[in-house]
Amino acid sequence: MYHLANIFAKIKIIMERIRSTTVLAVVHNGEVAIGADGQATMGATVAKNHVKKIRKMLDGKIITGFAGSTADAFTLLERFEEKLNAYGGNMKRASIELAKDWRTDRYLRKLEAMMIVANKEETLIISGTGDVLEPENGIASIGSGSNYAQSAAMALKKHATHLTAEEMVREGLTIAADICIYTNHNFIIEKPV
C-alpha cells in the first residue's frame, strides 16, 4: 500500500507540471475507448484549439493518448512505437521497457509528458517516474482535467451502466472541459480494433 501511495504522489507532482490537456480511457462491458480534448496551452494562453493528442499504432490495435509538452510527447510516442515493434506488438512489455528507458536515460528523464496506452484488453498509464499502472477500475486519466474526467467516468460506470465506453469517455471529457480551463470541448475519441 505504501508503494502505491508513493507512485501516486510522484504522478501528482508530474501532473502539477502538466497543465495542458485531459486524456481519458474507459474499459466497460468488454469495450475500450480513449479520448482527449484538443486544446494546446502556452502558459495562460490558448495557443491552438484542434490538437490531435490521440494516436493509432499497429493499424489501430493500440491507441495512445498523451499529456504534457508536445515535443516531449512525440519523442515518447516514437520510442513507444519502436518498443512495440521490438516486442512483437506486446503492449505491456513495450510499456515496461519504455518506462525503464524513460527513468534511466539522461535525455528521456527530462521529458515532461505522460501517456495512456490501450488495446482491446487493457489500458495502462506510463509515467516518467518509471511506473506502468493498470487502473483497477478500468478508468485511466492524465492531464490537468484528469481528476474531473475520472470522477465523472467513475460515477457513470457505477450508475449509468447502459452507456458504452465511448459515451462515458465523451461525457467525462465534457465535464472536465466544463471545469478545467486547460481543456476544451474539441474531442477525439478512438477505440482499438
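How each quantity is defined
Residues numbered from 1 in each chain as written. Predicted model: local features only at pLDDT ≥ 70, side-chain atom pairs only at ≥ 80, totals over all residues. Heavy atoms only, no water. Pairing = 2+ DSSP bridges. Helix = DSSP H or I, 4+ residues; strand = E, 2+ residues; numbered from the N terminus. Contact = heavy atoms within 4.5 Å. Axes fitted to C-alpha atoms, helices over the stretch in contact; angles between N-to-C directions. Core = buried A, V, L, I, M, F, W, Y, C linked by side-chain atoms within 4.5 Å. Buried < 20%, exposed > 50% of the residue type's maximum accessible area, 1.4 Å probe, protein only.

Participant: Any chance you could explain the sheet that holds strand 5 (residues 54-57) here in plain terms?
Facilitator: Each strand in a sheet pairs with another by means of backbone hydrogen bonds, the pair being arranged parallel or else antiparallel. Spatial ordering of the open sheet is given by 5-6-7-8-9, a layout of five strands whose pairing is antiparallel. Two strands close off the open sheet at either side, each with one partner strand: strand 5 and strand 9 (132-133). Inspection of the sheet shows strand 8 (residues 123-126) paired to strand 9 by two bridges, in the antiparallel sense. Within strand 9, the residue paired with Ile 126 across the bridge is Val 132. Of the strands in this sheet, strand 6 (62-68), strand 7 (113-118), strand 8 and strand 9 touch helix 3 (residues 91-104), which is tilted by about 5° from strand 8.

Participant: For this particular structure, what's the right way to read the sheet that holds strand 10 (residues 139-143)?
Facilitator: An order of 10-1-2-11 is seen for the four strands of this open sheet, with the pairing classed as antiparallel. Lying at the two open borders of the sheet, with one neighbouring strand each, are strand 10 and strand 11 (188-190). Taking the axes of each pair of neighbouring strands and ignoring which way they run, one obtains an average angle of 10° across the sheet. The pairing of strand 1 (residues 22-28) with strand 2 (residues 31-36) spans six bridges and is classified as antiparallel. Bridging from a neighbouring strand, Val 23 pairs with Ala 36 of strand 2.

Participant: What is the right way to look at the nonpolar core in this model?
Facilitator: Within soluble globular proteins, side chains that are nonpolar tend to cluster in buried spots. If you look at the biggest cluster of nonpolar residues, it comprises 19 residues, and the most contacted ones within it are Leu 76, Phe 80, Met 115, Val 117 and Ile 126. Those elements that provide at least two residues to this core are strand 6, helix 2 (70-86), helix 3, strand 7 and strand 8. Not counting residues within four places of it along the chain, the set of residues in contact with Phe 80 comprises Met 57, Ile 62, Thr 64, Met 91, Ala 94, Ser 95, Leu 98, Met 115, Val 117 and Ile 126. Formed by 17 residues, the second largest nonpolar core is a distinct cluster that contains Leu 24, Ile 139, Ala 160 and Ala 176.

Coordinates in, geometry out; function isn't part of it.
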